[in-house]
Amino acid sequence: MNIEFSAEDEAFRAQVQTFLDSSLTPEMRREAERTTTVFADKDLAMRWQHMLVDKGWAVPAWPIEHGGVDWTPNQKYIWGQECAKAHAPGLIPLGLRMLAPVLFKYGTAEQKAEYLPKILSGEQYWCQGYSEPGAGSDLSSLKTSAVKEGDDYIVNGTKIWTTHAQFADHIFCLVRTDTSVKPQAGITFLLIPMDLPGIKVDPIITMADDHEVNQVFFDDVRVPQSNRVGPENEGWTVAKYLLEFERGGGGSAPGIIEALKSLKHLASQEKDGGQPLIEDPSFAARIAELEIRTDALQLQELMTLERLSSGGSPGPASSLAKNSSVEINQGLSELRLEAVHYYGLPNANKISLNGCNETWVSEDYSETAMARYLNGRAASVFGGSREVQKNIIAKVVLGL
Ligand SMILES: Cc1cc2nc3c(=O)[nH]c(=O)nc-3n(C[C@H](O)[C@H](O)[C@H](O)COP(=O)(O)OP(=O)(O)OC[C@H]3O[C@@H](n4cnc5c(N)ncnc54)[C@H](O)[C@@H]3O)c2cc1C
């Protein structure tokens with residue numbers, strides 16, 4: 001599908017391409033391309049963040065006076081398109097794109113001055129303490145408690161699935177400060193340094209053998225009340241505002257288009273019964289179906305862009321886009337795994353497979369295929385599960 005942008009937009013695209021060409025090393029591109037987890041490798045992402053900070057392009061969505069850029073929605077989309085084409089690493093969104101908008105809206109002047117510059121420079125690395133063993137989709141049932149004592153809160157409880165908690169020096173947390181009211185009315189939003197006494201992080205190793213998520217335990221952790229964002233017991237409003245940014249994300253079609261190209265290349269190299277896989281009618285039909293769905297997703301994202309350009313908000317389109325992009329990505333990872341077949345097994349490239357003498361699948365494809373497939377399953381759960389998005393669509397779009 002060809003989308004026309006204005007001459008000014010295309011001039012901006014050329015400027016972006018020149019910057020990406022001169023900044024991204026082949027090693028950075030290759031490492032980014034081999035990412036199989038939700039977030040890019042922390043060191044790679046931070047290296048890229050520092051380069052973008054130097055250029056002044058790290059946080060286009062922030063207010064200009066805090067380091068943002070005055071890009072139009074089209075320019076932001078073009079930036080995403082070109083980063084996907086260039087295989088730029090993803091930035092870690094936890095501080096930059098999730099906590100920062102919350103601080104702009106609800107933070108005190110002191111909190112903005114204390115945290116925003118350190119989030120931008122990468123001096124602080126944040127993680128998100130929302131989910132608990134008994135509270136995920138039904139987040140408002142969370143139980144981690146914070147009880148006032150002098151100028152502090154004493155925090156007890158546990159958070160789970162905390163991405164990159166093993167690296168983070170800070171966690172933004174939802175805690176229960178009132179149990180006598182309806183669940184949503186007794187929640188408070190706290191900023192907690194991870195080095196306070198009483199905090200413990202246990203790793204959770206996924207089926208893909210990655211350490212990306214953790215369980216965090218709080219045992220009588222003393223947190224100053226000045227670390228609260230927004231009023232006490234009004235954390236639910238703050239939490240929901242943050243989720244708009246977690247779920248809103250950027251356009252995902254540009255990245256999917258690149259993944260499709262890569263799958264087609266792989267399928268043209270791999271042979272099945274002497275014939276390139278891409279010429280197999282059933283395999284080709286499944287690629288075509290994903291391509292059609294990608295076109296529809298791209299169109300939907302561009303319509304959202306138009307709404308944003310005229311001052312609107314994404315609305316329920318973000319739920320539709322989330323489910324579509326997850327399903328397309330899962331379909332892609334499935335075909336990729338089928339294409340590399342037994343070379344997708346862990347370590348398959350390093351052992352002799354029954355002495356067979358076929359052309360080996362490139363390690364870039366085979367070593368990551370299984371992990372991509374397995375990690376891709378998690379996408380229908382995090383950031384608002386598939387069923388929860390469907391409930392939103394049923395209610396808000398279909399009026400059911
Ligand atoms: C890789 C990964 C990283 C994550 N990172 C973080 C993080 O950094 N910080 C954080 O706080 N959390 C994180 N999470 C947690 C994530 O937000 C939760 O997993 C998610 O909210 C779902 O909650 P749950 O796991 O308790 O599942 P549940 O809510 O118990 O859902 C289980 C199943 O029931 C379905 N279901 C639930 N409610 C309904 C309903 N009302 N109608 C229909 N179906 C329903 C769900 O769709 C799902 O299929 C992460 C999760 C994953 C997988």
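Residues numbered from 1 in each chain as written. Predicted model: local features only at pLDDT ≥ 70, side-chain atom pairs only at ≥ 80, totals over all residues.

### Considerations on the confidence of the model for the protein
Item 1. Per-residue pLDDT for the protein averages 90, and the proportion of residues at 70 or more is 92%.
Item 2. A low-confidence stretch, residues 348-360 (pLDDT under 50), is modelled with 11 contacts involving residues beyond four sequence positions or located in other chains. (pLDDT = per-residue confidence, 0-100. Contact = placed C-beta atoms within 7 Å.)

### Looking at the site of the ligand
Item 1. With respect to spatial proximity, 20 residues lie near the ligand, and among them Tyr 130, Gly 136, Ser 137, Ser 385 and Glu 387 are the closest.
Item 2. Where the shell around the ligand is concerned, the elements lending two or more residues are strand E1 (126-129) and helix H12 (386-397).
Item 3. Among the elements that line the shell around the ligand, the one with the most residues is H12, at 4 residues.
Item 4. The residue makeup of the shell around the ligand, split by class, is 9 nonpolar, 9 polar and 2 charged.
Item 5. Structurally, the shell around the ligand is a two-domain feature, drawing no fewer than three residues from each of domain 2 (125-233) and domain 3 (251-397). (Near = placed C-beta within 6 Å. Helix = DSSP H or I, 4+ residues; strand = E, 2+ residues; numbered from the N terminus. Nonpolar A, V, L, I, M, F, W, Y, C, P; charged D, E, K, R; others polar. Domains from an automatic or database assignment.)

### Quick word on the nonpolar core
Item 1. Formed by 53 residues in total, the largest nonpolar core has its most connected members in Leu 99, Ile 171, Leu 174, Leu 190 and Ala 239.
Item 2. Among the elements that take part in this core, helix H5 (residues 93-106) stands out by supplying 6 residues, more than any other.
Item 3. Every residue in contact with Ile 171, bar those within four places of it in the chain, is listed here: Trp 126, Cys 127, Gly 129, Ala 165, Ile 192, Met 194 and Val 216.
Item 4. By size, the runner-up hydrophobic cluster in this structure holds 20 residues, among which are Ile 256, Leu 290, Ala 369 and Ala 371. (Core = buried A, V, L, I, M, F, W, Y, C linked by C-beta atoms within 7 Å. Buried ≥ 20, exposed ≤ 12 C-beta atoms within 10 Å, placed from the backbone.)

### Quick notes on the pairing of strand E6 (residues 199-205)
Item 1. Examined bridge by bridge, E6 and strand E7 (residues 211-224) share 7 bridges and lie antiparallel to one another. Paired with Ile 204 across the strands is Val 213, a residue of E7.
Item 2. Counting the residues in the hairpin turn of E6 and E7 gives 5 residues, including Asp 209, whose phi is positive at 70 degrees. (Pairing = 2+ DSSP bridges.)

### Concerning helix H6 (residues 109-121)
Item 1. A rise of 1.5 Å per residue sets the reference length of H6, with its 13 residues, at 18 Å; its end C-alpha atoms lie 19 Å apart and thus fit the reference within 8%.
Item 2. Taken as a whole, H6 has its buried residues at Tyr 115, Leu 116, Ile 119 and Leu 120.
Item 3. As for H6, its buried residues are in contact with helix H3 (42-55) and H5.
Item 4. Phi turns positive, to about 90 degrees, at Gly 122, one or two residues after H6. (Expected span 1.5 Å × (residues − 1).)

### As for the pairing of strand E5 (residues 187-193)
Item 1. Within E5, 6 of the 7 residues are buried, leaving the element largely enclosed by the surrounding structure.
Item 2. Inspection of the sheet shows E5 paired to strand E8 (residues 228-229) by 2 bridges, in the antiparallel sense. The partner of Phe 189 across the bridge, within E8, is Val 229.

### Looking at the domain arrangement of the protein
Item 1. Structurally, the protein comprises domain 1 (7-91), domain 2 (125-233) and domain 3 (251-397).
Item 2. Measuring from the centre of the C-alpha atoms in domain 1 to the corresponding centre in domain 2 gives 31 Å.
Item 3. Facing the 5 residues of domain 1 at the interface are 6 residues of domain 2.

### Thoughts on the packing of helix H8 (residues 253-269) against helix H10 (residues 317-340)
Item 1. For the pair H8 and H10, interaxial distance at closest approach is 10 Å and the crossing angle is 15 degrees. The pairing of H8 with H10 is recorded here as roughly parallel in orientation. For the element pair H8 and H10, the recorded crossing hand is left-handed. Contacts between H8 and H10 involve Ile 256, Ala 259, Leu 260, Leu 263, Leu 266 and Ala 267 from the first element and Ser 325, Ile 328, Asn 329, Leu 332, Leu 335, Arg 336 and Ala 339 from the second.
Item 2. Classifying every residue of the contact of H8 with H10 by side-chain character gives 10 nonpolar, 2 polar and 1 charged. (Axes fitted to C-alpha atoms, helices over the stretch in contact; angles between N-to-C directions. Parallel < 35°, antiparallel > 145°, perpendicular 65-115°, else oblique. Left-handed = near helix turned anticlockwise from the far one by under 90°.)

### Comments concerning the environment of Ser 324
Item 1. Here Ser 324 is to be found in helix H10.
Item 2. Look at Ser 324 and you get buried, because 20 C-beta atoms sit within 10 Å.
Item 3. For the pair Ser 324 and Leu 297, spaced 27 residues apart in sequence, the C-alpha separation works out to 6.8 Å.
Item 4. If we ignore the near neighbours within four places in the chain, the residues touching Ser 324 are Arg 293 and Leu 297.

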